[in-house]
Amino acid sequence: MSHDGLRRSLGLAQYFSLSFGGIVGVGWIVLLGQWLEAGGPLGAIIGFALGGAMMGLIGLCYAEAGSMYPVSGGEMAYGYAAFGPPAGFAIGWALLLMFISATSYICLSMAWIVDVMVPGLQGPVLYTIGGGTVRAGSLAVAAATLAVFAVINLRGIRSAGRFQDVFTYGKIAIALVFLGAGLVGGSTANLTPLFQDAGGRTPTGSILATLAIVPWFFGGFNIIPQTMEERSPETPLRLVGLVTVATILAAAAFYCLAILSASMSMPWRELVALDLPAASAFRVAFGSTLLERLVLVTGLFGVATVGNSVLLCATRVLFAMGRAGMAPAWFGSTHPRTGATDHSLAAVVALASAGLLAGREGIGPIVAVGAACLALAYFATSAAVLRLRRTDASRPRPYRIPLGGLIAPAATLGSLGLVGAALYGPLAAGGGGLPGEWLVLGLWTVAGIATWRLSARMRSAIPETERRRQLLGE
């Protein structure tokens, strides 16, 4: 058991399933059409390959930081250690927005897939928002999905780990079937034009348009640093770091194969007009409802693994903030029997429930906001590793980045570029005017500043040495 009641039971297999399952979820099914519209087949593949390579460098920084500070809170703890309490709070605040948004996004995606698999289940229209309708049946499915994730997490980390193992490895096995069908039975002629050329967009512009959303679709690997405090005593820190990088590269390969397989199955300009194109492509091109159903089942498995991961991450961030005095201490409690972060779980579920009211039309903006928050967390972690190598060089590092003098600066600059791309993407897509995503980020920032100032007395009640013990395990 950790110093604050968290159970220590995760091994390497669970870390792989938590990370890979957290990265590869349902986004490639729900948003494949948007990827192709942004970059075309080759532009999207290059964008995800470049993004995967950059994320690999960032993952190396996470591996070193996580081995230095194997505690809940992840990026927030690293930012606190390197830059002080305000930076730690700011990173934790951004992560909260990202993980809570991601929880809503996943539950809405589940409702979308069920709508396609079971026509007529959507039910009557409740209201319209953002040009789309929210139906009673779809909202009920999204809410039920969130409730299932909450129950799994309330039972503790061992339950969440077992759940993740079953659905991640099952998802990989099923995906191999339809990915192979597209690659073997499709045609390279369907890939032309290789890049999106609508509106005079250049190949470079196509790749950059894809890179703007890449941070979001690699986000799940940072469940590993969030759960390092729940590592079993037999699991070496160094190998956990290697698993972090391995899952990023495996996810990049999966995304590229999914784009290629679906785009080869039929002309991609026709593909993007279909509902859930990653699944519909196989029905239209091969006349196979079985392959279509396999894709959708994989999507359901993906919803399960990502939803479990992001809800777990959100609760660990809020839990770490609560026990360190950066949020009310009520959030820093654990269930005496299961070790679940019960109070923070209740708060996260309540906030994610509000996000469900946006309906399907809220998925795109959620992705854009989450990508910006994630990119900021990547930048903070890479910069923290770079700084700590100078300010705390003697601290033990069970995993140390090879060529760290080159890789850590490259990861820092690359993640800063991802921040810029994530902020620029909504502006470019909006065609002028203030993007709604910027407005959400601005309001969340204002709320964070207010929270920081109002919690000054609460923070001062905890000596800094005790805060370091709570956040960093010292």
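Residues numbered from 1 in each chain as written. Predicted model: local features only at pLDDT ≥ 70, side-chain atom pairs only at ≥ 80, totals over all residues. Heavy atoms only, no water.

### As for the overall build of the protein
The helix and strand tally for the protein stands at 20 helices and 2 strands. Computed over its C-alpha atoms, the radius of gyration of the protein comes to 21 Å, within 12% of the 23 Å expected for a compact globule of 474 residues. Overall, the protein is about 65 × 50 × 50 Å in size when its C-alpha atoms are taken along their principal axes. When the 474 residues of the protein are sorted by exposure, 59% land in the buried category. Counting only contacts in the protein whose residues sit at least 6 apart along the sequence, the fraction spanning at least 24 positions is 82%. Approximately 17,200 Å² of the protein is accessible, and the part contributed by carbon and sulfur atoms is 68%. Between the centroid of the 29 positive side chains of the protein and the centroid of its 20 negative side chains there is a distance of 6 Å. (Helix = DSSP H or I, 4+ residues; strand = E, 2+ residues; numbered from the N terminus. Rg over C-alpha atoms; globule rule 2.2 N^0.38 Å. Buried < 20%, exposed > 50% of the residue type's maximum accessible area, 1.4 Å probe, protein only. Contact = heavy atoms within 4.5 Å. Areas by Shrake-Rupley, 256 points an atom, 1.4 Å probe, with all protein chains shown as cover. Lys, Arg positive; Asp, Glu negative; His and termini not counted. Charge placed at Lys NZ, Arg CZ, Asp CG, Glu CD.)

### A closer look at the packing of aromatic side chains
Summed over the entire model, instances satisfying the criterion amount to 21 aromatic pairs. For the ring pair Phe48 and Tyr255, a centre distance of 5.2 Å and an interplane angle of 50° mean the geometry is tilted. Placement of Phe48 in helix α3 (residues 32-68) and of Tyr255 in helix α11 (residues 237-265) is noted, with a sequence separation of 207 residues between them. Exposure remark for Phe48: the relative accessible area of 0% places this residue in the buried category. (Phe/Tyr/Trp six-rings, centres within 6.5 Å; stacked < 30°, edge-to-face > 60°.)

### Remarks on a positive patch on the surface
Together, Arg155, Arg158, Arg162 and Arg337 line one region of the surface with positive charge. You can see Arg155 is positioned in the loop between α6 (136-154) and α7 (157-185). The class of Arg155 is exposed, set by a relative accessible area of 56%. (Patch = residues over 30% accessible without salt bridge, like charges linked within 9 Å, V, L, I, M, F, W, Y side chains within 5 Å. Salt bridge = Lys/Arg side-chain N within 4 Å of Asp/Glu carboxyl O.)

### Here's the deal with the nonpolar core
It is characteristic of soluble globular proteins that their nonpolar side chains tend to be buried jointly. In terms of nonpolar packing, the biggest core is built from 148 residues, with Trp28, Phe218 and Tyr255 touching the most fellow members. The dominant element in this core, judged by the number of residues it contributes, is helix α5 (residues 85-117), at 21 residues. Non-local contacts of Trp28, meaning those with residues more than four positions away in its chain, are made with Trp35, Phe178, Phe254, Tyr255, Ala258, Ala278, Val295 and Thr298. (Core = buried A, V, L, I, M, F, W, Y, C linked by side-chain atoms within 4.5 Å.)

### Things to note about helix α14 (residues 289-323)
Relative to the 51 Å expected for 35 residues at 1.5 Å per residue, α14 spans 51 Å between its end C-alpha atoms, a close match to the ideal helical length. Of all 35 residues in α14, 28 are buried, a share of seventy percent or more. (Expected span 1.5 Å × (residues − 1).)

### Regarding the pattern of salt bridges
A pair can form between side chains of opposite charge whenever their charged atoms are brought close. The tally for this structure, following the rule as stated, stands at 6 salt bridges. The shortest N-O distance in the salt bridge between Glu229 and Arg323 comes to 2.7 Å. Highlighted residues: Glu229 in the loop between α10 (223-226) and α11 and Arg323 in helix α14, separated in sequence by 94 residues. One salt bridge in this structure joins Arg467 and Glu464, with 3.3 Å as the shortest N-O distance. Linking Arg467 with Glu464, this pair stays in helix α20 (residues 464-472), spanning 3 residues, or about one helical turn. Classification of Glu464 as partly exposed rests on a relative accessible area of 35%. Connected via shared salt-bridge partners are Glu64, Arg389 and Arg397.

### A closer look at the packing of α6 against helix α15 (residues 342-356)
It is the contact of α6 with α15, at a shortest axis distance of 11 Å, that shows an interaxial angle of 170°. Classed by the angle they form, the pair α6 and α15 counts as roughly antiparallel. Between α6 and α15 the crossing geometry is right-handed. Contact residues: Leu139, Ala142, Ala143, Leu146, Ala150, Asn153 and Leu154 in α6; Asp342, Leu345, Val349, Ala352, Ser353 and Leu356 in α15. Each residue belonging to the contact of α6 with α15 can be placed in one class, and the counts come to 10 nonpolar, 2 polar and 1 charged. (Axes fitted to C-alpha atoms, helices over the stretch in contact; angles between N-to-C directions. Parallel < 35°, antiparallel > 145°, perpendicular 65-115°, else oblique. Left-handed = near helix turned anticlockwise from the far one by under 90°. Nonpolar A, V, L, I, M, F, W, Y, C, P; charged D, E, K, R; others polar.)

### Observations regarding the environment of Ala63
With respect to the element layout, Ala63 can be found in helix α3. Take Ala63: its relative accessible area is 4%, and that puts it in the buried class. Put simply, Ala63 and Leu257 are 194 residues apart on the chain and 26 Å apart in space, counted from C-alpha to C-alpha. Apart from residues lying up to four places away in sequence, Ala63 is in contact with Gly241 and Tyr399.

### Details of the environment of Glu37
Turning to its location among the elements, Glu37 is positioned in helix α3. A relative accessible area of 40% places Glu37 in the partly exposed class. With 161 residues separating them in the primary sequence, Glu37 and Ala198 have C-alpha atoms 8.8 Å apart. Non-local contacts of Glu37, meaning those with residues more than four positions away in its chain, are made with Gln196, Arg201 and Val272.

### Structural notes on the packing of α11 against helix α13 (residues 277-286)
Look at α11 against α13: their axes get within 8 Å of each other, and the N-to-C directions meet at 30°. In this view, α11 runs roughly parallel relative to α13, as classed from their interaxial angle. Read as a crossing pair, α11 and α13 show a hand that is left-handed. Each of Ser261, Ala262 and Ser265 in α11 lies in contact with α13, whose residues at this interface are Ala281, Phe282, Ala285 and Phe286. Residue composition of the contact of α11 with α13, grouped by class: 5 nonpolar, 2 polar and no charged.

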